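So you can see what is in the structure, the chains are spelled out below.
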Amino acid sequence: MDNFCWVYDANAISGDVSLKNMFNKIKHYLKSLTLYELIIGLGLTGRYFFSKKITIQYPEERTPQSPRFRGLHALRRYPNGEERCIACKLCEAVCPAMAITIKSEMREDNTRRTTQYDIDLTKCIFCGFCEESCPVDSIVETRILDYHGEERGDLIYTKEMLLKVGDKYEDQIAKDRKEEESYR
Amino acid sequence: MDNIFPQLPEIISTTLWTILKIVAIVIPLMISVAYLTYFERRVIGFMQGRLGPNRVGYFGLLQPIADALKLMFKEIIHPTKSNNVLFLLAPILTIAPAFAAWAVIPFDAELVLSDINAGLLYVLAMTSIAVYGVIIAGWASNSKYAFLGSLRSAAQIVSYEIAMGFTLVGVLMCANSLNLGEIVIGQSGGISQWYIWPLFPLFIIYFISAVAETNRAPFDVAEGESEIVAGFHVEYSGMAFAVFFLAEYANMILVSMLAALMFLGGWLSPFDFFPDSIVWLLLKVAFLLFFFLWFRATFPRYRYDQIMRLGWKIFIPITIFWIIFVGFMMQTPYREMFH
């Protein structure tokens, strides 16, 4: 057990007794006895104690968001009030989580429109494929990230709810699309 | 002792008066424990670049009260195969000595509940009894993690008790008294007369042993989260857990108080032109308590064998050496430095 050393010190194990090793050993003992390393550590945390805090105080402060942020979905309308969605069902097809359910029929003016457009937000993985696949920029993902449901089914967003989100945030949505236009 | 209830028989009025004095110590102690947990979270948060709790009340100052209320209303779960009597006795056995030791603490020249001559021995005895609570908690829980935690804690407390006892011997030699009040009086005459100077190594060892004694980081193997979940109190919930928590922090304040009394001159002011007052004592205790939090924010947990090595192979030899050194110096012309 003689070569078993608590502190890693190759010289102590090898039994080297040269002057330099003696000096190193003394230095090591002095360092431990004066708690040198511990005081260095305390100094580090002591400096951090007075440093600027990086906490973002969430409801009052928010982190910066990209215009490409993928949050809650919305269905958009044209400026004349007509809904954009033409029920092509590309989003339904591309959705990897199968969170979108669409039913469609012919309207009186012979255009194809959705009768049902549900997004199950508990299934959605916010990949943004629906937005990418949409030929008319109808389904989009907004910057909204804090919403909740209180009962089962609250997070299944229907067509009316999605259109309402779109109507409410249309200015921001249009601005973000405009900004990203050149990259698409 | 003043008789404030002259119309009552002597024995009843004395008892009432004593109970009132106990309440006057315990209530502020409970409040300081609550706010120590708050400051711990704030200080550690600050040292990690965070803010810590700042939502409940201004600057989060109501946070400890919210925590206490939550714990009070939580259910105390008894593990099916636990020993019910011991399971409930353990937290009581932990908290009782932590509070009882405060009986002999002099807050001021006059302000002491019980001015007994063996005060220091009494405090040592009380802090040692606390280990029973931990052992019984671990055993009564009938859980392997709790049991391992209590074994570790017991071994650690017993080891560091010895080094701690030796450091107190140094203080005894300087003060020639076991009475805490007299130990403080022996340090009168400004900052240069405090026992921290002649006994500096003992002070450092006392403080590190105190950290180990209270099972605080970096000596908190008894509740090593990464290995044994939460140690001896893993099966405790609600108020029973809160009592363990209370005891841990009350013990922290107690050992800091003792360090302030024995090495930092207690209520005596550091400079002659300031009056002596309890404010100095509280400032010194707060200063020492800050180190507890600072250590927790800085040092990683010791390995079990390292703890044992530090206690037995380093602290005990150094304390014995310094005691002999002090004894030797007292026989030389330099003895004035050691009184």
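Look up a bit, the structure's there.
Caption draft 1: Inspection of helix α10 (residues 278–298) of chain B at higher detail. A rise of 1.5 Å per residue sets the reference length of α10 of chain B, with its 21 residues, at 30 Å; its end C-alpha atoms lie 30 Å apart and thus fit the reference within 8%. Taken residue by residue, α10 of chain B has W280, L281, K284, V285, L288, L289, F292, L293, W294, F295, A297 and T298 of chain B as its buried positions. Looking at the buried positions of α10 of chain B, the neighbouring elements they touch are α3 (36–49) of chain A together with α1 (10–47), α7 (200–213) and α9 (238–263) of chain B. Its side-chain oxygen at 2.9 Å from the backbone nitrogen of V279 of chain B, S277 of chain B defines the N-terminal cap of α10 of chain B.

Caption draft 2: Broad picture of the sheet that holds strand β5 (residues 156–157) of chain A. Residue and element names in this part refer to chain A. Strand order across the open sheet formed by three strands is β2-β3-β5, with antiparallel pairing between neighbours. Bordering the open sheet on either side are β2 (100–106) and β5, each of which pairs with just one other strand. Bridge count between strand β3 (residues 112–120) and β5: two bridges; the pairing is antiparallel. In the strand pairing of β5, D120 is matched with I156.

Caption draft 3: Highlighting the nonpolar core. Residues and elements named next belong to chain B. By size, the foremost hydrophobic cluster in this structure holds 84 residues, and its most contacted members are W102, I105, L180, L199, Y206, M262 and F263. Here this core gets 15 residues from one element, more than from any other, and that element is α9. Excluding residues within four positions of it along the chain, W102 makes contact with I25, L29, F107, A250, I253, L254 and M257.

Caption draft 4: Layout of the environment of V94 of chain A. Residues and elements named next belong to chain A. Relative to the helices and strands, V94 is located in helix α4 (residues 90–94). A relative accessible area of 32% means that V94 is categorised as partly exposed. Counting along the chain gives 58 residues from V94 to R152, while the straight-line C-alpha distance between them is 26 Å. In contact with V94, other than residues within four places in its own chain, are F129, C130 and S133.

Caption draft 5: Main features of unusual backbone geometry. For K89 of chain A, which is not glycine, the phi dihedral falls at a positive 65 degrees. Structurally, K89 of chain A is set in the loop between β1 (73–75) and α4. Even without glycine at this site, N176 of chain B takes up a positive phi of about 60 degrees. Within the element layout of this structure, N176 of chain B appears in the loop between α5 (144–175) and α6 (180–185).

Caption draft 6: Representation of the pattern of salt bridges. Residue and element names in this part refer to chain A. In this structure the tally under the stated criterion is 18 salt bridges over all chains. Between D167 and R77 there is a salt bridge whose closest N-O contact spans 3.1 Å. With D167 in helix α6 (residues 159–168) and R77 in the loop between β1 and α4, this residue pair connects regions lying 90 residues apart in the sequence. When its relative accessible area of 41% is taken as the criterion, D167 is described as partly exposed.

Caption draft 7: A look at the packing of aromatic side chains. Residue and element names in this part refer to chain B. By the definition in use, this model includes 28 aromatic pairs over all chains. Here F203 and F207 contribute two aromatic rings whose centre-to-centre distance is 6.3 Å and whose plane-to-plane angle is 25 degrees, an arrangement assigned as stacked. Of this pair, F203 and F207 both sit in helix α7, four residues apart, which is roughly one turn of that helix. Taking the relative accessible area as the measure of exposure, F203 reaches 9% and is therefore buried. With centroids separated by 4.9 Å and ring planes inclined at 45 degrees, the aromatic side chains of F245 and Y249 adopt a geometry described as tilted. One end of the pair is F245 and the other is Y249, both in helix α9 and four residues apart, which spans about a single turn. The partly exposed category is assigned to F245, whose relative accessible area is 31%. The ring of Y145 carries the charged tip of K144 above its face, separated from the ring centre by 5.8 Å.

Reading the values: rules and limits
Residues numbered from 1 in each chain as written. Chains lettered and ligands numbered in written order. Predicted model: local features only at pLDDT ≥ 70, side-chain atom pairs only at ≥ 80, totals over all residues. Heavy atoms only, no water. Helix = DSSP H or I, 4+ residues; strand = E, 2+ residues; numbered from the N terminus. Expected span 1.5 Å × (residues − 1). Buried < 20%, exposed > 50% of the residue type's maximum accessible area, 1.4 Å probe, protein only. Contact = heavy atoms within 4.5 Å. Polar contact = N/O pair within 3.5 Å; in protein donor to acceptor, adjacent residues only side chain to side chain. Pairing = 2+ DSSP bridges. Core = buried A, V, L, I, M, F, W, Y, C linked by side-chain atoms within 4.5 Å. Salt bridge = Lys/Arg side-chain N within 4 Å of Asp/Glu carboxyl O. Phe/Tyr/Trp six-rings, centres within 6.5 Å; stacked < 30°, edge-to-face > 60°. Lys NZ or Arg CZ within 6 Å of the ring centre and 35° of its normal.

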